[in-house]
Each structure stands twice: as C-alpha cells, then as structure tokens.
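Listed here are the chains, written in short residue letters.
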Amino acid sequence: MTKPATDLIHHPYTPPDTFDAPQPGVFKASTVFFKDVAAMRARDWRTKAGYTYGLHGTPTTFTLEERLATLEGGTECLLVPSGLASIALTDFALLKRGDEVLIPDNAYGPNKALATGELASFGITHRLYDAMNAADLAARISERTRLVWVEAPGSVTMEFPDLRALVAACRARGVLVALDNTWGAGLAFDPFDLAGSGEGVDISVHALTKYPSGGGDVLMGSVVTRDAALHLKLKLTHMRMGYGIGVNDVETVLRSLPSLPLRYAAHDRAARELANWLAEREEVAQVLHPALEGSPGHAHWKALCGPADLAAGLFSIVFDERYGTESVDRFCDSLRLFRLGYSWGGPTSLVVPYDIGLMRDASVARWPHKGTLVRFSIGLEDVDDLRADLAQALARL
Ligand SMILES: *Cc1c(COP(=O)(O)O)cnc(C)c1O
C-alpha cells in the first residue's frame, strides 16, 4: 500500500487515448520518462523518432515545427524563443573566428547589432552590402565569407531586392544564404523555390512573433531548412545553447496558425488601401510599400510575389520635408486607433517614427529622402475607421 503523497504522483489511472479535437494536445515537460535503461541509453535527441528531454522537443513542439516547415516549403524546422534568436542561432551555428558574414544595409537593425556586438567579440567580422545591387554583394564576397543574410523587403525602408540575383551571387561562390522571411511569412513567396526557379535560400528564419502568433502577445522564432546536414548543424548549436521555448506559447501559435492566410490577406488588403490613399496626399513625399508602383524594388516584388499577389500589411511613408520632427511626432501622437509600439502582425494598428540617419550606413547606399519616415503596421480594425484616424492626424501636422 502506497501512501497519499505517492498515490497523487504515481496514480494508476490513464485516460483513454481516443481523444480527438481541433487543436493538438499540449504536452509540457522538462523530464521525459524512458521505459527502461536500454531505452534511455539508446536515446537520440537529434531525430524526431522519440523524446529525450523537454528542451529537445515534445509532441506539441514537433507538431508546430512540422507545420512551419510545410508553410515555408522546407523539410526541417527548429523553434527558438524569439525572431532575433533565430538570427542568432543561425550566426552562432555557421560562423567561427576568422569568418565573415554579409548583411544587407537595410536589414532588421538587431541583426547588425549582433554582428557589431557578440560576433565582433568572437573574432567574426561583418560587412554591409547594398541590398538593391547584386553586383555589390558579389564584389563583397571574399574567401572568408561563410554566410550572407538577405531580407525582402528591407526593414523600415521597405526596398524589395532582387532575391534571385542575390541568391545567385551566393551560389556562384558556394556561400550559404539565410533569409529573414518574417515579412513574407511563407505566404507571399516560396523561399526555397523563388518564383518557381527551383533556386532558393538555404535557411529561412521567421519571427513567429509577428503574423503566425497574430496576437501581439507571444515571442517566438523558427529556423527552417531543407537540408538534413545543415539542419543537424543548427540543431547541435540549438541544443548546446539551450534555446528552449515555453509550450504554452507553442500552443498559442498552433491555435493562431490556421487563420494565418486569412489574416495575412486581410492585413494586406487594408494596408494597400491605406498606402494608396496616403500616396495621394500632398503631405506625403513617398509611400514605401513594395506592392505600390514607384516604390523601390516594386518590379522585384511583382516578379516574386505577383503570382500570389500578396504583401505584408506593413509600409512606411516619408513626409514632405516641410514637416519637421516635431510636426511628425504630433501626427503620431494624434492618432487614436494606431498605437505607438514596436513589432507588428497583431490585431492593433501600430505606428513608429524612425530616424533613418541613425539606421542606415550611408557609405553603402545613400538614402535619397529628406523628410521624416513613419512606419505603419496595419491591424485588423475596419479600414474606414483607420483612414479617418489618419485623416484627422494629418490635419494636426
Ligand atoms: C520582429 C522581427 C524580428 C525579430 O523578432 P522578435 O521575435 O521580436 O525577436 C526579426 N526580423 C524581422 C524582419 C522582424 O520584423
């Protein structure tokens, strides 16, 4: 006879295993049990054939990984605690002392900050290249280049590069190419088969924090590949760095994932409507939205994303230079539905003013605008209400 303290832990009841419901089960674990010592000794955390420890996966994390690999057209996926962690994991797995990594001049800022911070202190150098010039990238690839980052479009400034040409430049030199695919979300284009060419990137990282979560309440990232050896290399680093994620967060993303295509299309529709409306306003010097004609790289967007006719609900505007920082700050403060805040992909529309002078390396590509830039992330509010909000705030400029 065991005592209550033991019975409460080692209870003989197990529920019937016929449970079936729309959402997969939520399995949480640090410890995973083995049926005997032989099973424990035979453990192999490198494959999804079994379970060894919570850090290396549970049925819940495996399920999300498989769905994300499918979404992005890859075969393997690793989950990490944030979008930035997916960039860090890629860098740490593939770069060592003496290597060089190339980063587009308009890349997501923290990607560059990681390079000037930790990578530099590890003896890994980086160089920026002009994202809109594949010849510039080709010229900067050296004997020491081990990894090239690409991003489509660039964060904040929204130029859409010729991804196929950038990938071709890397292929010609046998250098691995990693894409930050947060904007495309696996929907706007196929990162592993660009425009049906059969050519694609080696690694696609994705801030699930944005559209896959969709709630503005979760931080998570993924690293997708379709090369088993490359995946294993990433997985070894993933394991050694202890990049665990909370299964409650995994459950949240699994719950949001089925509505991802509908939400992405809705964000896109509303964003294009508002971007087109803003393009007609005399206060606005330029709208930076790759699906709009006249936006930098529009032809590249059309070649890559035209078949799906999709774009994220994210765009920037440059105000006419007669409006100074104070004026543009007042515009942002006057918005009522658009909230001031970072990140994107949630239900609430967001606005952020940026100082491009601080973000862009002028030695690589010259920013042609004088006015202040403001980036919008279009949420899921009614588009007429958002337009009215923009109109009343423009009147306060
Ligand atoms: C938000 C974002 C990231 C980082 O995601 P976090 O989960 O916030 O770390 C990386 N790349 C791009 C392009 C992003 O927009």
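You'll find the structure just up there.
Student: Go over the overall build of the protein chain, please, and point to the residues and values.
Tutor: Looking only at helices and strands, one finds 14 helices and 12 strands in the protein chain. Against the compact-globule benchmark of 21 Å for 397 residues, the protein chain has a radius of gyration of 23 Å, which places it among compact chains. Dimensions of the protein chain, computed from the C-alpha atoms along their principal axes, are close to 85 × 50 × 40 Å. Within the protein chain, buried positions represent 50% of all 397 residues. Looking at the protein chain alone, contacts between residues at least 24 apart form 75% of all its contacts between residues at least 6 apart. Working note: accessible area of the protein chain is about 18400 Å², and carbon and sulfur atoms make up 54% of it. With 39 positive and 48 negative side-chain charges, the protein chain shows a spacing of 5 Å between the two charge centroids.

Student: Describe the site of the ligand, and please don't skip the residues or the numbers.
Tutor: Lining the immediate environment of the ligand, one finds 13 residues, of which Gly83, Leu84, Asp180, Thr209 and Lys210 sit closest. Considering the ligand on its own, with 380 Å² of exposed area, one finds that the protein chains cover 88% of that surface. Comparing atom positions with the cavity grids shows the ligand to sit within the largest pocket. Across the shell around the ligand, the residue classes break down as five nonpolar, five polar and three charged.

Student: Tell me about the nonpolar core, residues and numbers included.
Tutor: If you look at soluble globular proteins, the nonpolar side chains tend to sit buried side by side. Core analysis: the biggest nonpolar cluster contains 57 residues, and Leu64, Leu137, Val150, Trp183 and Phe189 have the highest contact counts within it. Among the elements that make up this core, the one with the highest residue count is helix H7 (residues 163-172) (five residues). Two domains each donate at least three residues to this core, and these are domain 1 (37-258) and domain 2 (259-394). In this view, Val150 contacts Pro104, Tyr129, Leu163, Leu166, Val177, Ala178, Leu179, Asp180 and Val201; residues no more than four positions away in its chain are not counted.

Student: A description of the pattern of salt bridges should follow, citing residues and the corresponding values.
Tutor: With the rule as written, the count across this model stands at 18 salt bridges. For Glu66, the salt bridge identified is with Lys48, shortest N-O distance 3.7 Å. In this pair, Glu66 sits in helix H3 (residues 59-72) while Lys48 sits in the loop between helix H2 (37-41) and H3, placing the two residues 18 residues apart along the sequence. Residue Glu66 is classed as partly exposed on the basis of its relative accessible area of 40%. Salt bridges sharing common partners tie together Lys48, Glu65 and Glu66.

Student: Can you explain the sheet that holds strand S8 (residues 284-288)? Please cite residues and give values.
Tutor: In spatial order, the strands read S8-S9-S12-S11-S10; together these five strands make up an open sheet with mixed pairing. Lying at the two open borders of the sheet, with one neighbouring strand each, are S8 and strand S10 (339-340). Across five bridges, the pairing between strand S11 (residues 350-354) and strand S12 (residues 373-377) is antiparallel. Among the inter-strand pairings, Pro353 is bridged to a residue of S12, identified as Val374. With respect to the sheet, helix H10 (residues 260-279) is in contact with S8, strand S9 (314-319) and S12, its orientation differing from that of S9 by roughly 10°.

Student: Which residues make up the pairing of strand S7 (residues 221-225), and what are the values?
Tutor: For S7, the buried fraction is high: five of the five residues fall into the buried class. Judged by which residues are buried, S7 turns out to be covered on both faces: Gly221, Val223 and Thr225 on one side and Ser222 and Val224 on the other are all buried. As judged from the five bridges shared by strand S1 (residues 76-80) and S7, these two strands associate in the antiparallel manner. Note that in S7 the partner of Glu76 across the bridge is Thr225. Bridging between strand S6 (residues 203-207) and S7 involves five bridges; their strand directions are antiparallel. Residue His206 lies in a different strand from S7, and its bridge partner there is Ser222.

Student: So what about the packing of aromatic side chains? Which residues, and what values?
Tutor: Under the defined criterion, the tally for this structure stands at 10 aromatic pairs. Plain terms: the ring middles of Phe338 and Phe376 are 5.4 Å apart, the flat faces sit at 65° to each other, and that makes the pair edge-to-face. With Phe338 in the loop between helix H12 (325-334) and S10 and Phe376 in strand S12, this residue pair connects regions lying 38 residues apart in the sequence. For Phe338, a relative accessible area of 2% translates into the label buried. Taking relative accessible area as the criterion, Phe376 reaches 0% and is therefore assigned buried. For the cation-ring pair, Lys48 lies above Phe62, with the distance from its terminal atom to the ring centre recorded as 5.2 Å.

Student: Please give an account of H7 that cites residues and values.
Tutor: Taken as a whole, H7 has its buried residues at Leu163, Leu166, Val167, Ala169 and Cys170. All buried residues of H7 fall inside an arc of 155° around its axis, so they share one side. On its buried face, H7 sits against strand S3 (125-129), helix H6 (134-140), strand S4 (145-151), strand S5 (176-180) and helix H11 (298-305). Looking one or two residues past H7, Gly174 carries a phi angle of roughly 65°, positive in sign.

Student: Any chance you could break down the side chain of His298 for me, citing the residues and the numbers?
Tutor: By the secondary structure assignment, His298 is in helix H11. Dropping the residues within four chain positions of it, His298 is found in contact with Pro290, Ala291, Leu292 and Glu293.

Quick notes on the rules
- Every chain is numbered on its own, with residues counted from 1 as its sequence reads.
- Given that this is a predicted model, residues contribute local features only at a pLDDT of at least 70 and side-chain atom pairs are listed and counted only at 80 or more, while totals for whole chains, interfaces and linings are drawn from all residues.
- The basis for every side-chain value is the complete set of heavy atoms in the structure, and neither hydrogens nor water enter the calculation.
- The helix count covers DSSP runs of H or I at least four residues long, the strand count covers runs of E at least two residues long, and both are numbered beginning at the N terminus.
- Radius of gyration here uses only the C-alpha atoms, and the compact-globule reference equals 2.2 Å multiplied by the residue count raised to the power 0.38.
- Each residue's exposure class comes from its accessible area (1.4 Å probe, protein chains only) as a fraction of the maximum for that residue type: buried when under 20%, exposed when over 50%, partly exposed otherwise.
- Contact definition: two residues touch when any of their heavy atoms are within 4.5 Å.
- What sets the accessible areas is the Shrake-Rupley method with a 1.4 Å probe; for residues, cover comes only from the shown protein chains.
- In summary, the charge assignment counts Lys and Arg as positive and Asp and Glu as negative, without counting His or the chain termini.
- Taken as the charge centre is NZ of Lys, CZ of Arg, CG of Asp or CD of Glu, depending on the residue.
- One heavy atom suffices: a residue is near a molecule or strand as soon as one of its heavy atoms comes within 4 Å of it.
- Throughout, the protein atoms alone are placed on a 1 Å grid, and a set of points is a cavity if a 1.4 Å probe fits but cannot get out or a pocket if it is open with protein on both sides within 12 Å along at least five of seven lines; lining residues have an atom within 4 Å of a point.
- The way we define it, a molecule is inside a pocket or cavity when more than half of its atoms are within 2 Å of that pocket's grid points.
- Residues are sorted three ways: Asp, Glu, Lys and Arg are charged, Ala, Val, Leu, Ile, Met, Phe, Trp, Tyr, Cys and Pro are nonpolar, and all the rest, Gly among them, are polar.
- Residues belong to one nonpolar core when they are buried, are Ala, Val, Leu, Ile, Met, Phe, Trp, Tyr or Cys, and are joined through side-chain atoms within 4.5 Å.
- Domain limits in this description derive from either an automatic procedure or a database domain assignment.
- Definition used for salt bridges: Asp or Glu carboxyl oxygen within 4 Å of a side-chain nitrogen of Lys or Arg.
- Whether two strands pair depends on DSSP finding at least two bridges between them.
- Note on method: axes are straight lines fitted to C-alpha atoms, helices fitted across the in-contact stretch only, with angles between N-to-C directions ranging 0 to 180 degrees.
- Ring geometry is summarised as follows: Phe, Tyr and Trp rings, the Trp one being its six-membered ring, pair when their centres sit within 6.5 Å, and such pairs are stacked at plane angles under 30 degrees, edge-to-face over 60 and tilted between the two.
- Comment: the charge-over-ring label is applied if NZ (Lys) or CZ (Arg) is within 6 Å of the ring centre and within 35 degrees of the ring normal.
- What the arc covers is the set of directions going from the helix axis to the C-beta atoms.

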